Amino acid sequence: MGDVACAMPVVALIKERYPDASVDWLVNKEYAGLAKAAGADRVLVIDRQAWKKISSWPKALFNYLSVAAKLPFQHYDYAIDLQGLLRSGIFTALANAKKAIGFADGRECSPIFYDTKVTVNRKLTHSTLCNLEVLKEIGIEKKEKWPSFAPADTQSTLDKFGLRKKGFFIA
């Protein structure tokens, strides 16, 4: 849950800077509510827990494949991998975005899937600030004041941000 919470400001700042953009966020199913609260227009859900039991593997595989099959047809401008794992790197590549961005120190060989690798000092920087460094690659500078995630009226949120363009994919 901490990784998702530390990524929430990224979504909000993208929406603030690019109000006509749509943000899709890939998360484990237990965190879908957080992704929506952060302002994601569409939450793509994977069920990581299904891999824990062999009897659930077919369901898990179907879930992953069904999400993966949708990604190349979304025409994303950017795919941003904030997780830095093999799984998120693969989904980032499958998003077929014009530009794939992730951390240079990503684990499990995830950086091989990125066009742009962002270097951060994780020993001196909080995860949220590391995530915000990625935004420089899409023209957003860090802010001293982060956005609020207070629930808002759904219709006014849709009116404010719009859903016209698929612009970002976050894993």
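Positions within a chain are numbered from 1, following the residues in the order the chain's sequence is written. Restriction of local features to residues with pLDDT of at least 70 applies here, the model being predicted, together with a cutoff of 80 or more for giving and counting side-chain atom pairs; totals for whole chains, interfaces and linings are based on all residues. Side-chain measures were taken over the full set of non-hydrogen atoms in the model, leaving aside hydrogen atoms and water.

Our focus in this paragraph is the overall build of the protein. Secondary structure summary: the protein contains six helices and six strands in total. Looking at the 171 residues of the protein, the share that counts as buried comes to 46%. Relative to all contacts within the protein whose residues are 6 or more apart in sequence, the contacts with residues 24 or more apart total 52%. Each accessible area value is a Shrake-Rupley result obtained with a 1.4 Å probe; residue values ignore everything except the protein chains displayed when judging cover. Accessible area of the protein: about 9,300 Å², with a carbon and sulfur share of 58%. Numbering of helices and strands starts at the N terminus; helices are DSSP runs of H or I of at least 4 residues and strands are runs of E of at least 2. With a 1.4 Å probe rolled over the protein chains alone, any residue whose accessible area is under 20% of its type maximum counts as buried; one over 50% counts as exposed, and the rest are partly exposed. We call two residues in contact whenever any of their non-hydrogen atoms come within 4.5 Å of each other.

To continue, consider the nonpolar core. Each nonpolar core is a collection of buried residues, namely Ala, Val, Leu, Ile, Met, Phe, Trp, Tyr and Cys, held together in the definition by side-chain atoms within 4.5 Å. With 27 residues, the main nonpolar core has Ile14, Trp25 and Leu135 as its most contacted residues. Going through the elements one at a time, helix H1 (2-17), strand S1 (21-28), helix H2 (32-38), strand S4 (99-103) and helix H5 (127-134) are the ones with two or more residues in this core. For this core, the element with the most residues is H1, which contributes seven residues. With twelve residues, the next largest nonpolar core counts Ile46, Tyr64, Leu71 and Ala95 among its residues.

To continue, consider the pairing of strand S2 (residues 42-46). Any two strands are treated as partners once DSSP identifies two or more bridges connecting them. Pairing geometry for S1 and S2, over five bridges, is parallel. Along S2, the bridge assignment pairs Asp24 with Arg42. In this fold, the crossover linking S1 to S2 by way of H2 has right-handed handedness. Consider the strands pointing away from the viewer: the crossover is right-handed when the path from the first strand over the helix to the second runs clockwise.

Turning to the pattern of salt bridges, a few remarks are in order. Just to be clear on terms, a salt bridge is a Lys or Arg side-chain nitrogen sitting within 4 Å of an Asp or Glu carboxyl oxygen. As enumerated under the stated definition, the model contains five salt bridges in all. A salt bridge links Asp77 to Lys98; the shortest N-O distance between them is 3.2 Å. A residue pair is termed long-range when its members are at least 10 positions apart, and Asp77 in the loop between helix H3 (57-70) and strand S3 (78-81) and Lys98 in the loop between helix H4 (86-94) and S4 qualify at 21 residues. Note on Asp77: relative accessible area 13%, which makes it buried.

Two residues of an α-helix separated by three or four positions point the same way, owing to the 3.6 residues in each turn. For a helix, the expected span equals 1.5 Å multiplied by the residue count minus one. With 14 residues, H3 should reach 20 Å at 1.5 Å per residue; the first-to-last C-alpha distance of 20 Å fits that figure. Three or more residues of H3 are buried, namely Ala60, Asn63, Tyr64, Val67 and Ala68. Seen end-on, H3 carries its buried residues on one side only, within an arc spanning 125 degrees. For H3, exposure combined with an orientation more than 90 degrees from the buried face picks out Pro58, Lys59, Phe62 and Leu65. As for H3, its buried residues are in contact with S1, S2 and H4. In this context, the arc is that of the directions from the helix axis out to the C-beta atoms.

Burial analysis of H5 places six of its eight residues in the buried class, which makes it a mostly covered element. Buried residues of H5: Thr128, Cys130, Asn131, Leu132, Glu133 and Val134, and no others.

In this section: the pairing of S1. In terms of burial, S1 is largely enclosed, as eight of its eight residues are buried. Here S1 shows two buried faces, one formed by Ala21, Val23, Trp25 and Val27 and the other by Ser22, Asp24, Leu26 and Asn28.

Attention now moves to a nonpolar patch on the surface. Residues enter a patch when their relative accessible area is above 30% and they make no salt bridge; the linking distance is 9 Å between like charges and 5 Å between nonpolar side chains (Val, Leu, Ile, Met, Phe, Trp, Tyr). Residues Trp51, Ile54, Trp57, Leu61 and Leu65 make up a contiguous nonpolar surface patch of about 520 Å² in total accessible area. Judged by relative accessible area, Leu61 falls into the partly exposed class, the value being 43%.

Right, let's get into unusual backbone geometry. Backbone geometry at Glu108 places phi at a positive 50 degrees, although glycine is not the residue there. Position of Glu108 relative to the elements: it lies in the loop between S4 and strand S5 (116-118). Glu108 sits in the partly exposed class, given a relative accessible area of 48%. Residues other than glycine seldom take positive phi values, yet Cys109 does so here, at roughly 65 degrees. Residue position: Cys109 is located in the loop between S4 and S5.

Don't take any of this as a statement about function, it's just geometry.
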